[in-house]
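# Chain and residue survey
The chain contents come next:
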Amino acid sequence: MATIAWIGLGNMGSRMTRHLIDAGHSVFGVDPNEAAMAQAVAVGVTPAASVAAAVANADAVITMLPKGEHVRAVYDGPDGIWANAKQGAVLFDSSTVDLDTSGWCHTGSQERGIAFVDAPVSGGTAGAADGTLAFMLGGDAAAVERVRELIAPMAGNIFATGGPTTGIAAKIANNMMLFIAQQACAEGSQLAEQLGLDAQVFWDVVTASSGNSWPQQTWYPVPGIVERAAANQNFDATFSADLARKDIGLAVQAGADRGVALPGAQAAMAQLDRLIAEGLGHKDCSLVVKYSSPDGKVAGYDPEFDTQTEGVSR
Ligand code: NAD
């Protein structure tokens, strides 16, 4: 059984670690957010005093952090992962980051003779809780095989996507499709309501029809339809608007760099920007539904009962 360091125990990390612990691994975790840390401790994670302390004896180091800047901050410097990882450890990043940050992790690891794999995931907090995430692994084949074994308890599907940064490339393109489809759910749900349809009946129709999609099945933005959707918990984040905007922005930037026209992604991104401009970046990304409602109000969302604090998605 392996000793694993886990850096970043938020919505995803706190749920994913449980499967490693159930599989018999020892997990040492770090997260400056006390609520996140407490949730992880409840599933068996041992709190570590620092990144350096967590990684010192770890066979594998996993980062599950909001953005590229957070990943760079924990890898670099005298207290970081590179300076403190033990000889022979494998490092992998499951955060969704920009291609440059992922390339930087590969290059910096290679220069130090440490194995690194980009290992982003898809499947949301439900997939994290159920151990059914899809992992996309980019990097050297031998390192990918080591990571494949470790992540098995958290995974429903594991794809070796090719060389360095191909995992993150797959993830960015996938998530762009996700947030365009989420925008479609927002618009469809509100149009159906205004046309007099019962929400459950409409959802059942779509489930059996061509409007069916992953966000329609998992994040449908109307309460009482999909059990674990944010619409049932006042749109508290399962996937924050901040992080969704980050992801779709990565796709839009990659498209601009390579001459790919992405008008659908830009339209979906603009709706997320509206939420963030309103100070709602910490709420669930599916709250974009309110911009499709004729009066801006939607069932399941009461701004008076906002249990979350401003900031990155907790
Ligand atoms: P989150 O914001 O809920 O959790 C991130 C955690 O990282 C927070 O608890 C934060 O306190 C912690 N953190 C920040 N800086 C840190 C540091 N220096 N050291 C240790 N911990 C630190 O985000 P999340 O929803 O868990 O997502 C994590 C990553 O996974 C993001 O890149 C996101 O885009 C991606 N992702 C999210 C989902 C989802 O459905 N939420 C699905 C797939 C991928």
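Calculation criteria
- Counting restarts for each chain: residues are numbered from 1 in the order of the written sequence.
- At least 70 in pLDDT is required for a residue's local features to be given in this predicted model, at least 80 for side-chain atom pairs to be given and counted, and no such filter applies to totals for whole chains, interfaces and linings, which use all residues.
- Only heavy atoms go into the side-chain values, all of them from the structure, while hydrogens and water stay out.
- Between 30 and 60 degrees the pair is tilted, below 30 it is stacked and above 60 it is edge-to-face, where a pair is any two Phe, Tyr or Trp rings, Trp via its six-membered ring, whose centres lie within 6.5 Å.
- Each residue gets one of three labels from its accessible area relative to the maximum for its type: buried under 20%, exposed over 50%, partly exposed in between, using a 1.4 Å probe on protein chains only.
- Labels follow the DSSP assignment, with helices taken as runs of H or I lasting at least four residues and strands as runs of E lasting at least two, numbered in each case from the N terminus.
- Here a residue-residue contact requires only that any non-hydrogen atoms of the pair lie within 4.5 Å.
- Where each domain starts and ends follows an automatic or database-derived domain assignment.
- Note: buried area is the sum, over both parts, of the accessible area (probe 1.4 Å) each one loses when the two are combined.
- Every case where a carboxyl oxygen of Asp or Glu lies within 4 Å of a side-chain nitrogen of Lys or Arg is listed as a salt bridge.
- The definition of a polar contact used here is a pair of N or O atoms within 3.5 Å, where within protein one atom must be able to donate a hydrogen and the other to accept one, and adjacent residues in sequence count solely through side-chain atom pairs.
- The directions from the helix axis to the C-beta atoms form the arc being described.
- Lines fitted to the C-alpha atoms define the axes, with helices restricted to the stretch that makes contact. Angles between their N-to-C directions range from 0 to 180 degrees.
- Should an angle fall under 35 degrees it is called roughly parallel, over 145 degrees roughly antiparallel, and 65 to 115 degrees roughly perpendicular, with every other angle called oblique.
- Less than a right angle of anticlockwise turn of the near helix away from the far helix marks a crossing as left-handed, whereas a clockwise turn marks it as right-handed.
- For this classification, Asp, Glu, Lys and Arg are treated as charged, while Ala, Val, Leu, Ile, Met, Phe, Trp, Tyr, Cys and Pro are nonpolar and the rest, including Gly, are polar.

Let's shift gears to the packing of aromatic side chains. All chains considered together, the criterion is met by eight aromatic pairs. An angle of 80° between the planes, with centres 5.1 Å apart, marks the rings of Trp-214 and Trp-219 as edge-to-face. For Trp-214, a relative accessible area of 37% gives the class partly exposed. Judged by relative accessible area, which is 5%, Trp-219 ranks as buried.

Looking at where Asp-79 falls in the secondary structure, it is placed in the loop between α4 (68-75) and α5 (81-84). On a C-alpha basis, the gap between Asp-79 and Ala-52 in space is 5.4 Å, while along the polypeptide they are 27 residues apart. With near-sequence residues (within four places) excluded, Asp-79 lies in contact with Val-51, Ala-52 and Asn-84.

Inspection of the secondary structure puts Thr-238 in the loop between α11 (214-218) and α12 (241-258). Judged by its relative accessible area of 11%, Thr-238 is buried. Ignoring anything within four residues of it in the chain, the contact list for Thr-238 reads Asn-11, Thr-125, Trp-219, Arg-228, Ala-230, Gln-233 and Asp-284.

What follows covers unusual backbone geometry. With phi around 75°, Thr-165 is a residue other than glycine that occupies positive phi space. For Thr-165, the location among the structural elements is in the loop between β9 (155-162) and α9 (166-194). Note on Thr-165: relative accessible area 19%, which makes it buried. Here the phi dihedral of Asn-234 falls at roughly 55°; this positive angle occurs in a residue that is not glycine. Here Asn-234 lies in the loop between α11 and α12. Exposure remark for Asn-234: the relative accessible area of 13% places this residue in the buried category.

What follows deals with the domain arrangement of the chain. Domain boundaries assigned for the chain yield domain 1 (3-164) and domain 2 (170-305). Its C-alpha centre places domain 1 at a distance of 27 Å from the equivalent point of domain 2. Interface area for domain 1 against domain 2, summed over the two sides, is near 1,300 Å², with a carbon-plus-sulfur share of 65%. The salt bridge partner of Asp-130 is Arg-228, with a shortest N-O separation of 2.8 Å. The tally of links between domain 1 and domain 2 comes to four residue pairs in polar contact (both at pLDDT 80 or more). Among the secondary structure elements, those contributing two or more residues to the side of domain 1 that touches domain 2 are β7 (121-122) and α7 (124-130).

The next point concerns α4. Of the positions making up α4, those classed as buried are Gly-68, Val-71, Val-74 and Tyr-75. Buried residues in α4, looked at end-on, bunch into an arc of 135°, giving them a common side. Along α4, the residues that are exposed and aim more than 90 degrees away from the buried face are Glu-69 and Ala-73. Following α4 by one or two positions, Gly-77 has its phi on the positive side, about 85°.

One can describe the packing of α12 onto helix α13 (residues 263-277) by two numbers: an axis separation of 9 Å at closest approach and a directional angle of 150°. As the angle between them shows, α12 and α13 are arranged roughly antiparallel. The element α12 and its partner α13 pack so that their crossing is left-handed. Of the residues in α13, those touching α12 at Ala-241, Asp-242, Ala-244, Arg-245, Ile-248, Gly-249 and Val-252 are Ala-265, Gln-266, Ala-268, Met-269, Leu-272, Asp-273, Leu-275 and Ile-276. Across the contact of α12 with α13, the residue classes break down as ten nonpolar, two polar and three charged.

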